[in-house]
Amino acid sequence: MTNSLTRRHFLSTSAGLAGATALGGLAMPARAAGPLTVGFIYVGPRDDYGYNQAHAEGAAAVKAMEGVTVIEEENVAETQDVQQTMESMINFDGATLLFPTSFGYFDPHILKVAPAYPDVRFEHCGGLWSEGMPENVGSYFGYIGMGQYLNGIAAGHATKTKKIGFVAAKPIPQVLLNINSFLLGARAVDPEITCQAIFTGEWSMAVKEAEATNALADAGADVITCHVDGPKVVMETAASRDCFICGYHANQSELAPEKYLTGAEWNWATVYTDMVTKTLAGEPIDNFVRGGLAEGFIKMSPLGPANSDAARAQFEDTQAKIISGGFAVIEGPLKDNAGNVIAADGVSYEETDVALESMNYLVEGVIGSTS
Amino acid sequence: MNGDIGLWAVPIAMLGGAIRVSTPFLFVSLGEVITERSGRINLGLEGTLVFGAMAGYALAYMTGSAWIGVLAAALAGAVFGLVHGLLCSLPKVNDIAIGIALMLLGTGLAFFFGKPFIQPVAPDLPAINLGWWSDLPQVQAALRVNVLFIFGAVLAVGLAWMLKRTRIGLTLRVVGDSSDAARALGIQPARVRILATAFGGALAGIGGAYLSLFYPGSWNEGISSGQGLIAVALVIFARWSPINCFFAALLFGAAGALGPALQSVGVTTGYYLFYAAPFVLTLAVLILSSSKSGALTGAPRELSITK
């Protein structure tokens, strides 16, 4: 959209000017400040209480490391724009490790640029790296669905209407897994609970998110969570409609402390500092990196005051089970909301199962559709 | 906290959506009516709206008063309008091109200065509860009406009256219909247009403040989903009438609420289609209201699109 373009162009123009003045000698010492230059690319603003903020907090941890220079660019669209940004970070800033963090950057953009720069490492968040893709590309992600499952447990105890709501951006596998996990967590408390999902179709569209939240409240949902880039609007609107809220991406408790039950947060600092340490030491990074609560890739917000004792007990018990490994959210017998069997009796998909990353269904009890 | 109201949720949500979402449309289009009646088009109102949203939020946060935020947004908007008006008064300057430039400038500046205000929580504008008579929380929520909406409705009537019955209105209309006639009457068209554009900018700024200070009620870079641009189109099919602008804005608000409302009652397939409703509506209304004679009825004759 024009909105994102304007700032980008403004920034790139000013970057160009700064670069032109720096060529006289400043550029060299600036690069020599660290043997490793790491580039972070965000699809939105760095302080959005959400997806981008979570990554930027990880980048801040890298910035604090010895011998590393961090460069960042915000509001880069999932289009040709990101290819230009990556190439300028490589050619102009000398970055050799890139973190293009938005889902849509992976295919085709990273896959297209990477082969041309074999000495540069591209680490993408959420992509599904597989054999045959460029060797200098890696993908990492956290099992945040487990966090949404724990959100669901808190929600299951808090709901009085037996209906919970989910404001979702786009029907991609990670979002679907989050919706399903949120409902299944709540159903672990009470199997009667249903979850209404509303898709806004955009990662960040404030008015639509507010409308979707209001529509959920109108439909009787009394605990609401979301998967959009900046959850601030959803959280504030839901709290103003007297609904409980479960956070996502980052800790949003200060927006409505009394209404905030808990939240599924990223903890990218662990991942980024680890990858940078390996790169500095010359060690290889796996092409496919995944982790959950146990590995410190994700964490839960501290439980809010609105949680009952029973909720706390079940929450902590389940969290311990997840950390000890082998926990499965998708466990048979389970049908999707169109009546098709997705897991027969005795079949289960653990959090580490790659099959979950191509999820294309909503489970029974979710009111919503993937298209 | 609620009763199950089934399919009634859709009309109630659309009513609520119409009231909640329409206010920015209303303010931008009212402002643009005045600007266009004077014979200029200001396409930059999208940028003014975004800048107003940022300025309003920032000032409200810093002073603790949402009303100071609204005032700041109006002032900032007036400055943008003034710049547009002044630049367009230079010879051989195209108002559409200047508008596009100011749209980009407004959003760019808003993003630049708005950085530190994405996280803080600013005070909200007050709302009046007109749904006290109903037991249904859905109806109560839908009829939580913001004071700016009411102000906008009154303003629409006031502007219509002003255009029709007052000397200022006559001056505006003369300037908009014929620069030569205006000059013959001793009016300076450029001055009138500059003031009209500044007024339009101020209203667009207030529209922006509504976005960031009431609904959705926070400042971020995705706050506007093109309301400023749609509102300019809205003026054309409101036929340059402030009263029509009010209804057109309501219609657009309702159309925007259709997608989420249908999903909430279980009509879940094809939501991308429902989200296109406001734009389909724009096309439909423009086609239906197109005139065979080729002339746009009610259009100011000095407007660059009608010349």
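None of these values were measured; they are calculated from a predicted model.

(A) Region of the structure containing the overall build of chain B. When you go through chain B residue by residue, the secondary structure sums to 13 helices and two strands. For chain B, the C-alpha radius of gyration of 20 Å lies close to 19 Å, the compact-globule estimate for 307 residues. With the principal axes as the frame, chain B shows a C-alpha extent of 65 × 50 × 35 Å. Counting over 307 residues, chain B shows a buried share of 57%. Across chain B, every contact between residues at least 6 apart in sequence was considered, and the portion connecting residues at least 24 apart equals 76%. Within the structure as shown, chain B displays about 12500 Å² of accessible surface, and the carbon and sulfur contribution to it stands at 71%. Charge separation in chain B, taken as the distance between the mean sites of 17 positive and 11 negative side-chain charges, equals 12 Å.

(B) Region of interest: the confidence of the model for chain A. All names here are of chain A. Residues with a pLDDT of 70 or more make up 91% of chain A, whose mean pLDDT is 88. By mean pLDDT, helix 2 (residues 27-32) is the weakest element of chain A at 39, and strand 8 (residues 223-227) is the strongest at 97. Note on residues 1-33: pLDDT under 50 across the span, and 34 contacts to partners over four residues away in sequence or across chains.

(C) Geometry of helix 7 (residues 167-177) of chain B. Listed in full, the buried residues belonging to helix 7 of chain B are B:Gly169, B:Leu172, B:Val174, B:Val175 and B:Gly176. Residues of helix 7 of chain B that are buried make contact with helix 1 (9-37), helix 6 (147-165), helix 8 (179-184) and helix 9 (189-213) of chain B.

(D) View of the packing of helix 6 (residues 144-158) of chain A against helix 11 (residues 309-324) of chain A. All names here are of chain A. For the pair helix 6 and helix 11, interaxial distance at closest approach is 9 Å and the crossing angle is 160 degrees. Taken together, the axes of helix 6 and helix 11 are roughly antiparallel relative to one another. In this structure, helix 6 meets helix 11 at a crossing whose hand is right-handed. Residues Met-146, Tyr-149, Leu-150, Ile-153 and His-157 of helix 6 touch helix 11, and the partners they reach there are Ala-310, Ala-311, Gln-314, Phe-315, Thr-318, Gln-319 and Ile-322.

(E) Representation of a nonpolar patch on the surface within the structure. Residue and element names in this part refer to chain B. Residues Ile-128, Leu-130, Trp-132, Trp-133, Ile-150 and Val-154 make up a contiguous nonpolar surface patch of roughly 650 Å² in combined accessible area. Structurally, the position occupied by Leu-130 is in the loop between strand 1 (127-129) and helix 5 (137-142). According to the relative accessible area criterion, Leu-130 is partly exposed, its value standing at 38%.

(F) Focus on the domain arrangement of chain A. All names here are of chain A. In terms of domain boundaries, chain A breaks down into domain 1 (2-142) and domain 2 (144-265 + 302-367). With both sides pooled, the region where domain 1 packs onto domain 2 buries about 1200 Å², and carbon together with sulfur makes up 61% of that total. The three residues of domain 1 that bury the most area against domain 2 are Tyr-49, Phe-103 and Leu-128, which together make up 48% of that side's buried surface. The interface formed by domain 1 and domain 2 includes zero salt bridges. Within the residue set of the side of domain 1 that touches domain 2, elements represented by two or more residues are helix 3 (51-63) and strand 5 (137-142). Among the elements that line the side of domain 1 that touches domain 2, the one with the most residues is helix 3, at three residues. Its residues assigned to classes, the side of domain 1 that touches domain 2 comprises seven nonpolar, four polar and two charged.

(G) Up close: the pattern of salt bridges. All names here are of chain B. Scanning all chains against the criterion turns up 15 salt bridges over all chains. A salt bridge links Arg-193 to Glu-302, with the nearest nitrogen and oxygen atoms 3.7 Å apart. Of this pair, Arg-193 sits in helix 9 while Glu-302 sits in the segment after helix 13 (277-288), and the two are 109 residues apart along the sequence. Exposure class is identical for Arg-193 and Glu-302. Each is buried.

(H) Expanded view of the side chain of B:Thr48. Checked against the element boundaries, B:Thr48 lands in helix 2 (residues 45-63). Look at B:Thr48 and you get buried, because its relative accessible area is 3%.

(I) How the structure looks around the packing of helix 11 (residues 242-264) of chain B against helix 13 of chain B. All names here are of chain B. Between helix 11 and helix 13, whose axes approach to 8 Å, the crossing angle comes to 140 degrees. Classified by the angle between their axes, helix 11 and helix 13 sit oblique to one another. Within the contact between the two elements, helix 11 uses Leu-251, Phe-252, Ala-255, Gly-256 and Leu-258 and helix 13 uses Ala-277, Pro-278, Leu-281 and Thr-282.

(J) View of the nonpolar core. Within the largest apolar cluster, 98 residues are counted, with the highest numbers of intra-cluster contacts made by A:Phe40, A:Tyr140, A:Ile179, A:Trp266, A:Ile330 and A:Val363. Both domains that furnish three or more residues to this core are identified here as domain 1 (2-142) and domain 2 (144-265 + 302-367) of chain A. B:Leu49, B:Phe80, B:Leu163 and B:Leu172 belong to the second largest nonpolar core, which has 85 residues in total.

(K) Broad picture of the pairing of strand 1 (residues 36-41) of chain A. All names here are of chain A. Within strand 1, six of the six residues are buried, which leaves the element mostly enclosed by the surrounding structure. Residues Leu-36, Val-38 and Phe-40 of strand 1 are buried on one face, and the alternating residues Thr-37, Gly-39 and Ile-41, pointing to the opposite face, are buried as well. Sheet topology note: the strand 1/strand 2 (residues 68-73) ladder contains six bridges and is parallel. What sits directly across from Phe-40, in strand 2, is Glu-72. Following the backbone out of strand 1, through helix 3 and into the adjacent parallel strand 2, one traces a crossover that is right-handed.

(L) Highlighting the interface of chain B and chain A. Between chain B and chain A, the contact holds 46 residues from the first and 47 residues from the second. On inspection of chain B and its partner chain A, the count reaches two salt bridges. As a salt-bridge pair, A:Glu211 and B:Arg20 come within 3.0 Å of each other at their nearest N and O atoms. Between the two partners, chain B and chain A, sit 16 residue pairs in polar contact (both at pLDDT 80 or more). Counting only elements with at least two residues in the side of chain B that touches chain A, the list comes to helix 1, helix 2, helix 4 (95-114), helix 5, helix 11 and helix 12 (271-275) of chain B.

(M) Here's a closer look at helix 4 of chain B. All names here are of chain B. Spanning 20 residues, helix 4 covers 27 Å between terminal C-alpha atoms, matching the ideal 28 Å at 1.5 Å per step. For helix 4, the full list of buried residues reads Asp-95, Ile-98, Gly-99, Leu-102, Met-103, Gly-106, Thr-107, Gly-108, Ala-110, Phe-111 and Gly-114. Where helix 4 begins, the capping side chain belongs to Asn-94, and its oxygen is found 2.7 Å from the backbone nitrogen of Ile-96.

(N) Spatial organisation of the sheet that holds strand 4 (residues 121-125) of chain A. All names here are of chain A. The strand order across the open sheet built from six strands is 2-1-3-4-5-11, with neighbouring strands paired in parallel fashion. Two strands in the sheet have a free side with no partner beyond their single neighbour: strand 2 and strand 11 (288-291). Recorded for the sheet is a direction-independent mean angle of 20 degrees between the axes of neighbouring strands. Packing of helix 4 (residues 80-91) onto the sheet brings it into contact with strand 1, strand 2, strand 3 (97-100) and strand 4, and relative to strand 1 it is tilted by some 165 degrees. Contacts from helix 10 (residues 268-280) reach strand 1, strand 2, strand 3, strand 4, strand 5 and strand 11, with the element oriented near 150 degrees to strand 5.

(O) Representation of the environment of A:Pro118 within the structure. As for its position among the elements, A:Pro118 is in the loop between helix 5 (106-113) and strand 4. Linking A:Pro118 and A:Ala59, residues 59 residues apart in sequence, is a C-alpha distance of 23 Å.

About the thresholds
Residues numbered from 1 in each chain as written. Chains lettered and ligands numbered in written order. Predicted model: local features only at pLDDT ≥ 70, side-chain atom pairs only at ≥ 80, totals over all residues. Heavy atoms only, no water. Helix = DSSP H or I, 4+ residues; strand = E, 2+ residues; numbered from the N terminus. Rg over C-alpha atoms; globule rule 2.2 N^0.38 Å. Buried < 20%, exposed > 50% of the residue type's maximum accessible area, 1.4 Å probe, protein only. Contact = heavy atoms within 4.5 Å. Areas by Shrake-Rupley, 256 points an atom, 1.4 Å probe, with all protein chains shown as cover. Lys, Arg positive; Asp, Glu negative; His and termini not counted. Charge placed at Lys NZ, Arg CZ, Asp CG, Glu CD. pLDDT = per-residue confidence, 0-100. Axes fitted to C-alpha atoms, helices over the stretch in contact; angles between N-to-C directions. Parallel < 35°, antiparallel > 145°, perpendicular 65-115°, else oblique. Left-handed = near helix turned anticlockwise from the far one by under 90°. Patch = residues over 30% accessible without salt bridge, like charges linked within 9 Å, V, L, I, M, F, W, Y side chains within 5 Å. Salt bridge = Lys/Arg side-chain N within 4 Å of Asp/Glu carboxyl O. Domains from an automatic or database assignment. Buried area = accessible area lost by both parts, 1.4 Å probe. Nonpolar A, V, L, I, M, F, W, Y, C, P; charged D, E, K, R; others polar. Core = buried A, V, L, I, M, F, W, Y, C linked by side-chain atoms within 4.5 Å. Pairing = 2+ DSSP bridges. Right-handed = clockwise from strand over helix to strand, strands pointing away. Polar contact = N/O pair within 3.5 Å; in protein donor to acceptor, adjacent residues only side chain to side chain. Expected span 1.5 Å × (residues − 1).

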